[in-house]
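Understanding the architecture of this molecule
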Amino acid sequence: MTGTGDTAVAVAGADGERLRRWRMVLGGGEADGTGCALAGRDAAMDGALGALYGGGGGSGGAPRGERSAGLGGSAPNVARWLGDIRTYFPSSVVQVMQRDAIARLGLSTLLMEPEMLEAVEPDVHLVGTLLSLNKAMPETTRETARAVVRKVVEQLEKRLATRTRATLTGALDRSARVSRPRHADIDWNRTIRANLKNYLPEYRTVVPERLIGYGRAAQSVKKEVILCIDQSGSMAASVVYASVFGAVLASMRSIATRLVVFDTAVVDLTDQLDDPVDVLFGTQLGGGTDINRALAYCQSKITRPADTVVVLISDLYEGGIRDEMLKRVAAMKRSGVEFVTLLALSDEGAPAYDREHAAALAALGAPAFACTPDLFPEVMAAALEKRPLPDPRPAS
């Protein structure tokens, strides 16, 4: 098989598929060297890719090094392109391309138009972008934006809620066990299992040397959790996930949950926890960071230190008083509070964070590390039971 100049050569079989893929990657033009032309669906896919990553795609375009992206500045062009990529690519690829379009082509302002939002594939990163535009969003777009955010929130709740409740209920039950229960509070199944080694065959019975049961307050609030969330722009995905988890925790009667967001100001959104969408639209992504002020507020709300878990979700770039921040963490830990620092709560890679502050917190016994949403229930379970966290290694 050969090809010269602009002549397109039809190629069959595995070699043809390989050339086709290389042609899609290289973007066409004389410089790609494949001599392979695209038609039909392939040409349409190439055009969609070229609109974002090249000069409009299609063979015969400019050399790769000279191409520049462009979707035009109008909502109809972008909405059409969004529809095209949803037709040609799977959802995971669509989400990546949307993020690239927002970052590379400056499409944030177009997302404030309803027809644009209706064409977009919702994901966590899009929610973060919408929240950053929240205050500037026209009223005609706000309801559409809320619908997009609600769709993502419902997907996350479906994915995370059941496992979170099951994991934390088990942790709460284990933390509530007592070794000297009253007769009416003995858990006989666990007691028998714990004493099987004391079985006496001649009497066909188990001697219960250790009784396991639950206290009388088993159905009351056992633990208090304070989620303290940095709402600076870099924490967008973490804010989304933390709001969903906050709503899940608030739905558990045995956990009293408080959700606090902060930048240079502190906002308590606890009374909106029954709807994480309201929580998210109550945040304001961007701005500075004053961790010390946020922790001072959280500290003022702690009434049962030994039964309280404080989760600080922040990249630790402190704009407030560093030494005071560290003193507050130390004071909370001395009083019995379990203190957890998450540098990020997202599916992304290792976050950027203030390493000096992370090291200082680790020295206080509060190691800082990134956490995926799937690991978060295990982290919370460990904190509730006051045992080592699943993965306390700092992010690299």
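That block above? That's the structure.
Residues numbered from 1 in each chain as written. Predicted model: local features only at pLDDT ≥ 70, side-chain atom pairs only at ≥ 80, totals over all residues. Heavy atoms only, no water.

Quick word on the sheet that holds strand E9 (residues 338-345)
Condition: At least two DSSP bridges between two strands are required for those strands to pair. Numbering of helices and strands runs from the N terminus, with a helix taken as a DSSP run of H or I at least four residues long and a strand as a DSSP run of E at least two residues long. As a rule, the C-alpha atoms of each element are fitted with a line to give its axis, helices using only the stretch in contact, and angles between N-to-C directions run from 0 to 180 degrees.
The six strands are arranged E7-E6-E5-E8-E9-E10 in an open sheet whose pairing can be described as mixed. Each edge of the open sheet is held by one strand with a lone partner, namely strand E7 (266-268) and strand E10 (368-371). Adjacent strand axes in the sheet meet at a mean angle of 25 degrees, parallel and antiparallel pairs treated alike. Relative to E10, E9 runs parallel, the two sharing three bridges. What sits directly across from Leu345, in E10, is Cys371.

Looking at empty space enclosed by the protein
Test applied: The rule is simple: put a 1 Å grid over the protein atoms alone, call a set of points where a 1.4 Å probe fits but cannot get out a cavity, call an open set with protein on both sides within 12 Å along at least five of seven lines a pocket, and count a residue as lining if it has an atom within 4 Å of a point. Grid points are joined across faces, edges and corners, and a volume is the space filled by probe spheres set on the points. Each residue receives one of three labels: charged for Asp, Glu, Lys and Arg, nonpolar for Ala, Val, Leu, Ile, Met, Phe, Trp, Tyr, Cys and Pro, and polar for the others, Gly being one of them.
Per the stated rule, a full pass over the model turns up one cavity of 30 Å³ or more. What the largest cavity holds in volume is close to 70 Å³. Among the secondary structure elements, those contributing two or more residues to the lining of the largest cavity are helix H3 (75-88) and helix H4 (91-105). Tallied by class, the residues present in the lining of the largest cavity amount to ten nonpolar, one polar and no charged.

A word on the packing of helix H12 (residues 322-334) against helix H13 (residues 355-363)
A pair of packed helices can be characterised by two numbers: the angle between their axes and the separation between those axes. Inclusion rule: Each angle receives one of four descriptions, namely roughly parallel if under 35 degrees, roughly antiparallel if over 145, roughly perpendicular if within 65 to 115, and oblique otherwise. Here a crossing is called left-handed whenever its near helix is offset anticlockwise from the far helix by less than a right angle, and right-handed whenever the offset is clockwise. Residues count as neighbours in contact if any of their non-hydrogen atoms are within 4.5 Å of one another.
Between H12 and H13, whose axes approach to 10 Å, the crossing angle comes to 30 degrees. Taken together, the axis directions place H12 and H13 in an arrangement best described as roughly parallel. Where H12 crosses over H13, the handedness of that crossing is right-handed. Touching Arg322, Met325, Leu326 and Val329 of H12 are Glu356, His357, Ala360 and Leu361, all from H13. Its residues placed into classes, the contact of H12 with H13 shows five nonpolar, one polar and two charged.

Note that all results are geometric; they support no functional claim without further evidence.
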